[in-house]
Amino acid sequence: MNILILGGGGREHALAWATLQNPKCDKLIVAPGNAGIAQIAECASLNIEDGGAVAEFSSENAIDLVIVGPEAPLAAGVADRLREAGILVFGPSAAAARLEASKSFTKEICAAVDAPTAGYAHFTELAPAKDYIQAQGAPLVVKADGLAAGKGVIIAETTDEALAAVDDMFGGAFGGAGAEVVIEEFMTGEEASFFVLVDGETCLPIGTAQDHKRVGEGDTGLNTGGMGAYSPAPILSDEVAQKALDEIVRPTMAEMARRGMPYQGVLYAGLMIENGQPRLVEYNVRFGDPECQVLMLRLGAQALDLMHACAEGRLDEAKVTWADDHALTVVMAATGYPGTYEKGTEIQGLGDLPEDSFNMMFHAGTKAEDGKVLATGGRVLNATARGATLAEAQQRAYVLVDGTTWPEGFVRRDIGWRAL
Ligand code: AMP
Ligand code: GLY
C-alpha cells in the first residue's frame, strides 16, 4: 500500500513511525513533514488544506490511503474531495468535522440524544449573552463557537470575567470563530481522553490517555496545546469507558448517521469524570497531539491495520490487541511557550538517543539545516517511552530528554504525576 499522511507535527511523526512498522506499507509520503519525519519517510510540500491539490497529488503518486492528521484540512473538506476522487481516506467529511469545528453544533447533537455533558446556551448577540451570564452567575465557561486553535475557551470564575469574555468574543478577539458564543455550566472532576475509531457504524475504542494542558508543574500557569501525556488513563477504567461509549459516543455517532453525515475516522472524546460518571467536554475529529504519540507507541504496526479497516468500513471485523504496557510522552518546548519564544535554536544529541520500539523521540516543530536540527515551533520534540509500568515509561522518557542538549528549551518534570 502507498500511504500519504497529512501534517507535520509530533502526531504525524508518530503516525508515520507506526505505519512503517507494518509490512503492508510499501511507500510512505508525509506532507509537509518535519526534520524527524524526513529521517524515516519522503516529505512533500503540498497545501494540505487544498482538497483538489491533495487529490491530484494522491493520484499522481498512486496513493492507496490518505491519513489526515490535523483538523484544519478536515474542516476544509479535504476528505470529501478525496472520496469524490475515489481515494481511500482516514478522516471525517467536513459535515462530520463540525463536531470539532462548531461547539454549538456538538451541544445540539448531544442534547438531541441526551448525552451527558455540561448545560449550555448558544448566542449570536451580545445583549442576551450578558443577560444570561447575570442570571446564571459564575463560575461559567465561555467558548468561541468555531475553531480557535485551542484558545477560544475562557473559564470565568467571576461574573465580571464572563462578561469581559463575551465582550472580547463578540468584539472580534477570536475573529470569525467568536461570531457565535456558547456559555456552559462549569463541570468539576478529572479530565481524560477517550479515542474511538468509527466507520460510520461500528465504534471501536483504541485507547485512553491523559494530557497535561497547563505549562507549569502541578498543572499551573497558562493553557497550552499539551505538555505531555500518558496512556492508559487509570481514571478511564473499563467501566467508565463502557459508560462513555454507551451514553455518549454511540448515541452521537448514531445521530450523525441518522442526519445523513456518518462519521468516519478517529473520534477523540474529551471527558470530565466525577464519581465514576463521564460527561463530554468536547469532541475532536482527529488524534490528540501529544496523545497520539503514546497511543502509537503502544499500538505499533496494528495502527495501520485499524485505520485501513476504518477507512474501508470494516471495523466490525477489526480488533485491538494490547500488551500490558504503559506509555508516556514529555513535550520539549521552546522557552517562552505558550507566549513568545525564539525560533531557529539548535538541538544537539538527537542522533545518539537509544531509539527502538520502547523509546522514540518524535519531532513536532523541527527543521534540518546544514546538518543541524533547529527548533521551528513552540512544541518542538516529544520524548516518548513505553514500559511495564507507568513509572518505568516515565523514567525512560526523561532519559531521552536528558540525552539532548537544548539550552533554549524546557520540559515539565512531573508528567504522569496524577497517575503515579
Ligand atoms: P475545550 O477546547 O472545549 O476542550 O476546552 C478546553 C479546556 O477547558 C478543557 O480541556 C477543560 O479543561 C476546560 N473546559 C471546557 N469546558 C468546560 C466545562 N464546561 N467545565 C469545566 N471545564 C471545561
Ligand atoms: N492535546 C490536546 C489536543 O490535541 O487537542
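For the structure itself, consult the block above.
Structure report, in brief. (Residues numbered from 1 in each chain as written. Chains lettered and ligands numbered in written order. Predicted model: local features only at pLDDT ≥ 70, side-chain atom pairs only at ≥ 80, totals over all residues. Heavy atoms only, no water.)

### Here we look at the site of ligand 2
Next, step 1: Around ligand 2 lies a shell formed by Asp211, Gly225, Tyr268, Asn284, Arg286, Gly288, Asp289, Pro290 and Glu291.
Next, step 2: Contact between ligand 2 and Asp289: an oxygen atom at 2.9 Å from a main-chain N or O atom of the residue.
Next, step 3: A distance of 2.9 Å is found between a nitrogen atom of ligand 2 and a side-chain nitrogen or oxygen belonging to Glu291.
Next, step 4: Taken together, the residues that form the shell around ligand 2 break down as two nonpolar, three polar and four charged. (Near = heavy atom within 4 Å. Polar contact = N/O pair within 3.5 Å; in protein donor to acceptor, adjacent residues only side chain to side chain. Nonpolar A, V, L, I, M, F, W, Y, C, P; charged D, E, K, R; others polar.)

### Structural notes on the pattern of salt bridges
Next, step 1: Overall, the coordinates contain 24 salt bridges when judged by the stated rule.
Next, step 2: Of the charged contacts, one joins Glu184 and Lys143 as a salt bridge, the two residues approaching to 3.2 Å between their closest N and O atoms. Separated by 41 residues along the polypeptide, Glu184 in strand 9 (residues 181-185) and Lys143 in strand 7 (residues 140-144) bring together distant segments of the chain. An identical accessibility class is assigned to Glu184 and Lys143; each is buried. (Salt bridge = Lys/Arg side-chain N within 4 Å of Asp/Glu carboxyl O. Helix = DSSP H or I, 4+ residues; strand = E, 2+ residues; numbered from the N terminus. Buried < 20%, exposed > 50% of the residue type's maximum accessible area, 1.4 Å probe, protein only.)

### Digging into the sheet that holds strand 3 (residues 42-43)
Next, step 1: One open sheet accounts for five strands, arranged 3-2-1-4-5; its pairing is parallel. Single-partner strands in this sheet number two, and they are strand 3 and strand 5 (88-90).
Next, step 2: Examined bridge by bridge, strand 2 (residues 27-32) and strand 3 share two bridges and lie parallel to one another. Bridge pairing in strand 3 links Ile29 to Glu42.
Next, step 3: On the sheet, helix 3 (residues 51-60) packs against strand 1 (2-7), strand 2 and strand 4 (65-68) and is oriented at approximately 155° with respect to strand 1.
Next, step 4: Sheet strands in contact with helix 12 (residues 302-311) are strand 1, strand 4 and strand 5, and its direction is about 115° off that of strand 5. (Pairing = 2+ DSSP bridges. Contact = heavy atoms within 4.5 Å. Axes fitted to C-alpha atoms, helices over the stretch in contact; angles between N-to-C directions.)

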